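# Working through the structure, step by step
Okay, here's what each chain looks like letter by letter:
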Amino acid sequence: MTENMHVHRLLDEAFRGHDMTLDAQDLKEEVRANLMARATELEASGRTPTDAAREAIAELGDVRELLGEGADASASASAPVHGGTPADGYAALMQRHQVRPKPAFVVRVVIWSLLAVAGIALGVVSAVGVLPIAPGGQIALVVLAAAALGLLVGDSLTQETTTNHPMPSRRAGGYGLATLLGAAGLGLGGLVAAGA
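Note that the coordinates shown come from a computational prediction; the quantities given were computed from them, not determined experimentally.

### Quick word on helix H8 (residues 135-157)
Taking 1.5 Å per residue as the helical rise, H8 with its 23 residues ought to reach 33 Å, and the 33 Å between its terminal C-alpha atoms agrees with that figure. Residues of H8 that are buried: Gln138, Leu141, Val142, Ala145, Ala146, Ala148, Gly150, Leu152, Gly154 and Asp155. Buried residues along H8 sit against helix H7 (103-127) and helix H9 (169-195).

This is how it looks when you write it as C-alpha cells:
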C-alpha cells in the first residue's frame, strides 16, 4: 500500500497558524506517524485514501489541545513556571492522555513470563544433565516456554499504548505464532545439540 499523501496535506492544514516551536514540530512529526498508521488501517478496512485521511485527522481532534493552547492550558503552557518551559504543557498533556495498562493484561504478562522463564531454566538445567528429566519432559518444557513466549508477544501487540494503536488481532496472532515456532525450533535444536 502506498503512502497516503492526503494525511500530510491535512496535517499541515491543521497545524497552519500555530507557532511552530521545536516541541511543536516534534509533536507534529509524532502525530504524522500515528496518523499514517491509522490511515493505513482505515484503508485496509475498505475506505478510500481520501476518506481514511479525513477520518484519521477527525479522530485527532483539536490541534490546539495537543499544543497546550486551549483556554485553560494557554497560560501555563506559554509562561515558564519555576524554570519550566512550554514543553511542560506538552508533558502534562501526555500524562493526561497516557494509556494505562489493563490489570488483566499485566497479570497475564506476569504469568506467561514466569512460565517462559521456568520452562527455559528447567530445559537448560535438564539439557546439561544437572536435573534428570526424560526426553519427553524436556520437549514439553521447550513447548511450554515457546507457547508462553508466543502468547506474551501476541497479547502485547494487541494492547493500545500511549503512542501506538493496537495491532489487529490476526496480525498479532501471526507474530505470536512465529515467536512460538521460532522459540520451539531453537529449543528443540538446543536439545538435539546437547544430546549429540
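### Digging into the pattern of salt bridges
This model, assessed by the stated rule, comprises six salt bridges. For the salt bridge of Arg47 with Glu55, the shortest nitrogen-to-oxygen distance reads 2.6 Å. Asp155 is the salt-bridge partner of Arg108, the closest N and O atoms lying 2.6 Å from each other. Pair noted here: Arg108 is in helix H7 and Asp155 is in helix H8, with a separation of 47 residues, a long-range link. The class for Arg108 is partly exposed, based on a relative accessible area of 30%. On the accessibility criterion, Asp155 (14% relative accessible area) is buried.

### Thoughts on the nonpolar core
With 18 residues, the main nonpolar core has Val7, Leu11, Val31, Leu35 and Leu67 as its most contacted residues. When contributions to this core are tallied by element, the ones reaching two or more residues are helix H1 (5-15), helix H2 (22-44), helix H3 (49-60) and helix H4 (63-66). Once you skip the residues sitting within four places of it in the chain, Val7 turns out to touch Leu35, Met36, Ala39 and Ala53.

Definitions and limits used
- Residues numbered from 1 in each chain as written.
- Predicted model: local features only at pLDDT ≥ 70, side-chain atom pairs only at ≥ 80, totals over all residues.
- Heavy atoms only, no water.
- Helix = DSSP H or I, 4+ residues; strand = E, 2+ residues; numbered from the N terminus.
- Expected span 1.5 Å × (residues − 1).
- Buried < 20%, exposed > 50% of the residue type's maximum accessible area, 1.4 Å probe, protein only.
- Contact = heavy atoms within 4.5 Å.
- Salt bridge = Lys/Arg side-chain N within 4 Å of Asp/Glu carboxyl O.
- Core = buried A, V, L, I, M, F, W, Y, C linked by side-chain atoms within 4.5 Å.

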